[in-house]
Amino acid sequence: MASSTPDPSATDSATRIESHGIDHIPDAERHGRPSELFSIWAAANVNYLSLVIGGALVLMGLGLAQALAVIVVGNLFWLLTGLLAVSGPAAGAPSEVITRAMYGVRGNRVNNAVTGWTISVCYFALNLAAAAGAAFALVEKAGVTASTGVKIVVVLVIAAVTLTIGVYGHGLIVRLYLPLTIALTAAFGVVAYAVLRHADFRYAPDAPLTGAALWAALLAGVTLIAAGPLSYTTSADFSRYLPATTSRRAVAGWTALGGFLPSVAVSALGALAATVVDMTDPQAALESLLPDWFSPVFLLALVLGTIAINAMTAYSAGLALQAVGLRIRRSRSVLVDGTVAVALTLYALFVSNFLDTVSNVLQLTVVLLGPAMTVYGVDILLRRGRYDGPALMDESPSGPFWYTAGVSPAGAGAVLVGGGLAALCVDTAYTGPVARALGDVDLSLPVGMVVSGVLYALLMRGRVTR
């Protein structure tokens, strides 16, 4: 007789399109080990962006030791990403649904529209443009002129590969990202060898920063690094298939470690490279340090690393689109995200510098993402990591997460107040009044996170529904 117990591999397979979206994952379909989370997050963070950010710290005027310290401190925010991942196995639901506990059913739709879908699509477009730049250089090395038509084809091919991974979903990501992590680590190992051979370990800027200027650079650097882990408010998306009894420490630890180690290592390489080459054009600067035979491999690694991070972004953006209230299958929602991102990328590459504008806007995302992630983390601590997955699926006014007219005053209020105060402290795309008064010292990250976290804890203490 055939067994009546569902086979988890049948619903979450690398060779089949994932059937689940934002719905609850039944216990019978849970599977996997928390150690799988390491390669998922590592593959997404052995990437070009970390090299660029590491080099940018030196360009900001920091010495090598200061830049390395900033890299370590900024990447400690991966601990918060790991904490958020704990809610996945507990609820058997993605972050986009779990946040109903913080904002209410209706409030969460707004949260997903802004901090979920919109920001994810913008990041997708920026990363796709970066991958396209490396791919154009790779095409030129192959002897093909990168004409406008060729560039369009290259962008579409990269997007197609990325979206295929996102459409197939969780099962393919788990299976694919371990070998991808190994391949990318090997490629960046060669880069590390070349950089370490030439790096100036005694580097110090000709005019070292002091006083307020130094503090402004240090805080700006930490914020720049921290923006990476803070952008992953969706870490439960990739842990929700694990059994509910999975160790919370293991889930948090493997997630945080998978993001922290490669981010620190690759960013440090960028900083070390900046001691001997001009990192204003990172791709060309790094190629000058590499052996000629390895240059095409390096460019291919840049493309693959960006595909890895964008596939995860597209996957979560697809879930966010469902959580906004759009009745569409997850596989199709991923394609919608990709179509919008590709359109933005092509417009930016061939019509205007639109992505420069988007990049400036994304510098401000820490104003919202910092408070949003803090509220999420505080909620997990208040509930001691306990979430009722089926109850989170209840969108009716009689449900436990309807709160007041579908909005939680505590969650919405904490994020709005924390974000509003953080906006006054910004010194990126614009200079807020607080930053101006402090000599351009940007305190938006600590102010937004501390205020929103404390306020949410005070408003929700004793009112948490388990």
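On to the overall build of the protein chain. Of the regular secondary structure elements, the protein chain holds 22 helices and zero strands. Relative to the globule expectation of 23 Å for 466 residues, the C-alpha radius of gyration of the protein chain, 22 Å, shows essentially globular dimensions. A principal-axis box enclosing the C-alpha atoms of the protein chain has dimensions of 65 × 60 × 40 Å. Total accessible area on the protein chain stands at roughly 18,800 Å², and carbon and sulfur atoms take up 65% of it. Here the protein chain contributes 25 positive and 25 negative side-chain charges, whose respective centroids are spaced 10 Å apart.

Position of arginine 330 relative to the elements: it lies in helix α16 (residues 330-350). Every residue in contact with arginine 330, bar those within four places of it in the chain, is listed here: Ile17, Glu18, His20, Gly21, Gly166, Val167, Tyr168, Gly169, Tyr315, Leu319 and Gln322.

Next up on the list: the nonpolar core. Membership of the largest hydrophobic core comes to 124 residues, with the highest contact counts inside it found for Ile98, Met102 and Tyr177. Here the element with the most residues in this core is helix α15 (residues 295-324); it accounts for 16 residues. Dropping the residues within four chain positions of it, tyrosine 177 is found in contact with Ser39, Ile40, Ala43, Ile165, Ile307, Ala308, Ala311 and Met312.

This next bit is on helix α13 (residues 248-273). End to end, α13 covers 38 Å across 26 residues, agreeing with the expected 38 Å (1.5 Å per residue, within 8%). For α13, the capping residue at the N-terminal end is serine 247, with a side-chain oxygen 3.4 Å from the backbone nitrogen of arginine 249.

What follows concerns the pattern of salt bridges. Using the criterion set out here, one finds seven salt bridges in the structure. Of the charged contacts in the structure, one is a salt bridge between lysine 141 and glutamate 287, with a shortest N-O distance of 3.6 Å. Taken together, the positions of lysine 141 in helix α9 (residues 105-141) and glutamate 287 in helix α14 (residues 282-289) put the pair 146 residues apart, joining distant regions of the chain. Via salt bridges that share partners, Glu18, Arg240 and Arg330 belong to a single interconnected network.

Rules used in this analysis
- Residues numbered from 1 in each chain as written.
- Predicted model: local features only at pLDDT ≥ 70, side-chain atom pairs only at ≥ 80, totals over all residues.
- Heavy atoms only, no water.
- Helix = DSSP H or I, 4+ residues; strand = E, 2+ residues; numbered from the N terminus.
- Rg over C-alpha atoms; globule rule 2.2 N^0.38 Å.
- Areas by Shrake-Rupley, 256 points an atom, 1.4 Å probe, with all protein chains shown as cover.
- Lys, Arg positive; Asp, Glu negative; His and termini not counted.
- Charge placed at Lys NZ, Arg CZ, Asp CG, Glu CD.
- Contact = heavy atoms within 4.5 Å.
- Core = buried A, V, L, I, M, F, W, Y, C linked by side-chain atoms within 4.5 Å.
- Buried < 20%, exposed > 50% of the residue type's maximum accessible area, 1.4 Å probe, protein only.
- Expected span 1.5 Å × (residues − 1).
- Polar contact = N/O pair within 3.5 Å; in protein donor to acceptor, adjacent residues only side chain to side chain.
- Salt bridge = Lys/Arg side-chain N within 4 Å of Asp/Glu carboxyl O.

Read these as geometric descriptors, not functional statements.
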